[in-house]
Amino acid sequence: MEQRPLGRTGMSVSQLCLGAMMFGAVGNPDPDEGVRIVHRALDAGITFIDTADVYSGGESEEVVGKALAGRRDGVVLATKVGLPFGQDPNQRGMSRRWITEAVENSLRRLGTDWIDLYQVHRLDPDTDVDEALGALSDLVHAGKIRAFGASTVPASEIVEAQWTAERRGRERFRTEQPPYSVLTRAVEVDVLPTCQRYGMGVLSYSPLAGGWLSGKYRKGQDVSGPGSVGRAQRFPGVYDAANPANAAKLDAADALGALADEAGLSLVQLAVAFVVRHPAVTSAIVGPRTMEHLESYLAADGVELSADVLDRIDAIVPPGHTVNVGDNMWSTPALSPTARRR
């Protein structure tokens, strides 16, 4: 599998990153199956694993730690901090207090002495970004983490964080983790170019747009019926085709599925190959719940999309366009309700 530079960190990672969100009670409750999935991914050439402290209340990190016993040195390991870990208001966000506590908990669950990439799951509007940069910089200097990044950050806030690091003499965010897929292309406008400008690595998540590009959702099928599994069962409204935003995604997914059929590819192959082709993207996070899911992702390795296929994708979903803006997972700060009231 192709290995790529992780921004300017000096580390190299595989173009597919194994996402571990589905390990544990929220996804696959069988820890042994999770271990087998990790081992299969490593054997296939994946050298990059991404998890988070909140995934299944820490279970995901525990499964990953168990799977990496004896194989840790060959993996670039990433995890995250910031989303609420419990009811305690101090067990969330970007405060020095919580970051310092959370990293020790993650190291213990992962069974490792260091984390290669420690990411802020979301920027915390109640915490000065310099507070987080200072705490994270100290963890780098202590050797507990090698580098740090953030997730789902608008371009303007990426720039602000870079400037803050320079002016305060801090280590800086080295990576960004945005949602990116054929159906969710808004980051092409400014987030991805901004990451390129600052030499940041990009590990994009949800290349299948939350399952819409898995091939399961096509016109004439009941996308929320008994045949659906996983998130479609737990969040039926998200996949309700009667919703105009979902209907638009279904139209696009159906057209992309037809295009994939013509190109002799699965829709998963087309979707993943599209994401990893962008010059700003280092690695696409693939989050299998089962071994079958992993194999479908691995089949995308090495797939090249022709100029004609790329042009036809652009005709279905134009560059920089997100079919349902809610899938961007962030909004421009200047357009927030609070800002508009000023």
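Residues numbered from 1 in each chain as written. Predicted model: local features only at pLDDT ≥ 70, side-chain atom pairs only at ≥ 80, totals over all residues. Heavy atoms only, no water.

Engineer: Which parts of the structure should I look at to understand the overall build of the protein?
Structural biologist: Along the backbone of the protein there are 12 helices and 10 strands. Over its C-alpha atoms, taken along the principal directions, the protein stretches across nearly 55 × 55 × 40 Å. The buried share among the 342 residues of the protein stands at 53%. For the protein, contacts bridging at least 24 residues in sequence account for 78% of all contacts bridging at least 6. For the protein, the exposed surface amounts to about 14600 Å²; the carbon and sulfur share of it is 49%. Each charge class in the protein can be summarised by its mean position, and for the 35 positive and 43 negative side chains these summaries are 3 Å apart. (Helix = DSSP H or I, 4+ residues; strand = E, 2+ residues; numbered from the N terminus. Buried < 20%, exposed > 50% of the residue type's maximum accessible area, 1.4 Å probe, protein only. Contact = heavy atoms within 4.5 Å. Areas by Shrake-Rupley, 256 points an atom, 1.4 Å probe, with all protein chains shown as cover. Lys, Arg positive; Asp, Glu negative; His and termini not counted. Charge placed at Lys NZ, Arg CZ, Asp CG, Glu CD.)

Engineer: Whenever I open this one, the packing of aromatic side chains confuses me. Can you help?
Structural biologist: Each aromatic ring pair is characterised by the separation of its centres together with the angle its planes make. Summed over the entire model, instances satisfying the criterion amount to 3 aromatic pairs. Measuring from centroid to centroid gives 5.6 Å for F148 and F173, while their planes differ by 85 degrees, and the two rings are edge-to-face. Of the two residues, F148 is situated in strand 7 (residues 145–151) and F173 in the loop between helix 5 (155–168) and strand 8 (175–177); the sequence distance between them amounts to 25 residues. Accessibility classification places F148 together with F173 in one group, the buried group. The side chain of R72 reaches across the aromatic face of W114, ending 4.1 Å from its centre. (Phe/Tyr/Trp six-rings, centres within 6.5 Å; stacked < 30°, edge-to-face > 60°. Lys NZ or Arg CZ within 6 Å of the ring centre and 35° of its normal.)

Engineer: Sorry if this is basic, but what is going on with the sheet that holds strand 5 (residues 76–81) here?
Structural biologist: By definition, the strands of a sheet pair up through backbone hydrogen bonds, in either a parallel or an antiparallel sense. What the 8 strands build is a closed barrel, ordered 3-4-5-6-7-8-9-10; its pairing is parallel. Across the sheet, the axes of successive neighbouring strands diverge by a mean angle of 30 degrees, strand direction being ignored. By the bridge criterion, 2 bridges tie strand 9 (residues 201–204) to strand 10 (residues 283–286) in an arrangement that is parallel. Note on strand 10: the bridge partner recorded for L203 is S283. Along the sheet face, helix 4 (residues 129–142) touches strand 6 (115–120) and strand 7 and points at about 150 degrees away from the line of strand 7. (Pairing = 2+ DSSP bridges. Axes fitted to C-alpha atoms, helices over the stretch in contact; angles between N-to-C directions.)

Engineer: Help me understand the nonpolar core, please; the structure alone is not making it clear to me.
Structural biologist: Nonpolar side chains in soluble globular proteins tend to end up buried together. Among the nonpolar cores identified, the biggest contains 90 residues, and Y118, L136, F173, L213 and I313 are the most heavily contacted of them. In terms of residue count, helix 9 (residues 267–277) provides more of this core than any other element does, 9 residues in total. If we ignore the near neighbours within four places in the chain, the residues touching F173 are V120, L123, V129, L133, L136, F148, G149, A150, A161, Q162 and M200. Within the second largest apolar cluster, 12 residues are counted, among which are L6, V13, L117 and L203. (Core = buried A, V, L, I, M, F, W, Y, C linked by side-chain atoms within 4.5 Å.)

Engineer: Would you take a moment to explain unusual backbone geometry for this structure?
Structural biologist: Even without glycine at this site, T152 takes up a positive phi of about 60 degrees. Relative to the helices and strands, T152 resides in the loop between strand 7 and helix 5. Of the residues examined, T152 reaches a relative accessible area of 6% and is grouped as buried. Here A209, not a glycine, exhibits a phi torsion of approximately 55 degrees, which is positive. Within the fold, A209 resides in the loop between strand 9 and helix 7 (231–234).

Engineer: Could you clarify how one ought to interpret the pattern of salt bridges in this entry?
Structural biologist: Working definition: two side chains of opposite charge can pair if their charged atoms are close together. In total, this model carries 17 salt bridges according to the counting rule given. The residue D32 makes a salt bridge to K66 at a minimum N-O spacing of 3.2 Å. In this pair, D32 sits in helix 1 (residues 31–43) while K66 sits in helix 2 (residues 59–67), placing the two residues 34 residues apart along the sequence. The partly exposed category is assigned to D32, whose relative accessible area is 38%. R312 is the partner of E262 in a salt bridge, and the nearest nitrogen-oxygen pair spans 3.1 Å. (Salt bridge = Lys/Arg side-chain N within 4 Å of Asp/Glu carboxyl O.)

Engineer: Looking at this model, I keep getting lost on the state of the cysteines. Mind explaining?
Structural biologist: In protein chemistry, a disulfide is the covalent bond that joins the sulfur atoms of two cysteines. Tallied over the entire structure, the rule returns 0 disulfides. Unpaired in terms of disulfides, C17 finds its nearest cysteine sulfur in C195, a separation of 15 Å. On the basis of relative accessible area, C195 is assigned to the buried category, the value being 0%. (Disulfide = S-S within 2.5 Å.)

Engineer: How should the environment of R40 be read in this particular structure?
Structural biologist: Relative to the helices and strands, R40 resides in helix 1. Owing to a relative accessible area of 30%, R40 belongs among the partly exposed residues under this scheme. When the C-alpha atoms of R40 and E295 are compared, they prove to be 9.0 Å apart, with 255 residues separating the residues in sequence. Ignoring anything within four residues of it in the chain, the contact list for R40 reads M291, L294, E295 and L298.

Engineer: How should I be thinking about the environment of A252 in this particular structure?
Structural biologist: Inspection of the secondary structure assignment puts A252 in helix 8 (residues 244–263). Residue A252 is classed as buried on the basis of its relative accessible area of 7%. For A252 and W212, which are 40 residues apart along the polypeptide, the C-alpha to C-alpha distance reads 9.4 Å. In contact with A252, not counting residues within four places along its chain, are L183, I316, V317 and V323.

Engineer: When you look at the packing of helix 2 against helix 3 (residues 96–110) in this model, what are you seeing that I'm missing?
Structural biologist: The angle between the axes and the distance between the axes are what describe a pair of packed helices. Between helix 2 and helix 3, whose axes approach to 7 Å, the crossing angle comes to 45 degrees. Between helix 2 and helix 3, the angle falls in the class oblique. Here E61, E62, V64 and G65 of helix 2 lie close against helix 3, whose contacting residues are S106, R109 and L110. Partitioned by chemical class, the residues of the contact of helix 2 with helix 3 number 2 nonpolar, 2 polar and 3 charged. (Parallel < 35°, antiparallel > 145°, perpendicular 65-115°, else oblique. Nonpolar A, V, L, I, M, F, W, Y, C, P; charged D, E, K, R; others polar.)

Engineer: So what exactly am I meant to see when it comes to the side chain of H278 here?
Structural biologist: You can see H278 is positioned in the loop between helix 9 and strand 10. Only 3.0 Å separates the side chain of H278 from the backbone nitrogen of A280, close enough to count as a polar contact. Filtering out sequence-adjacent residues up to four positions away, H278 remains in contact with Y180, E188 and L192. (Polar contact = N/O pair within 3.5 Å; in protein donor to acceptor, adjacent residues only side chain to side chain.)

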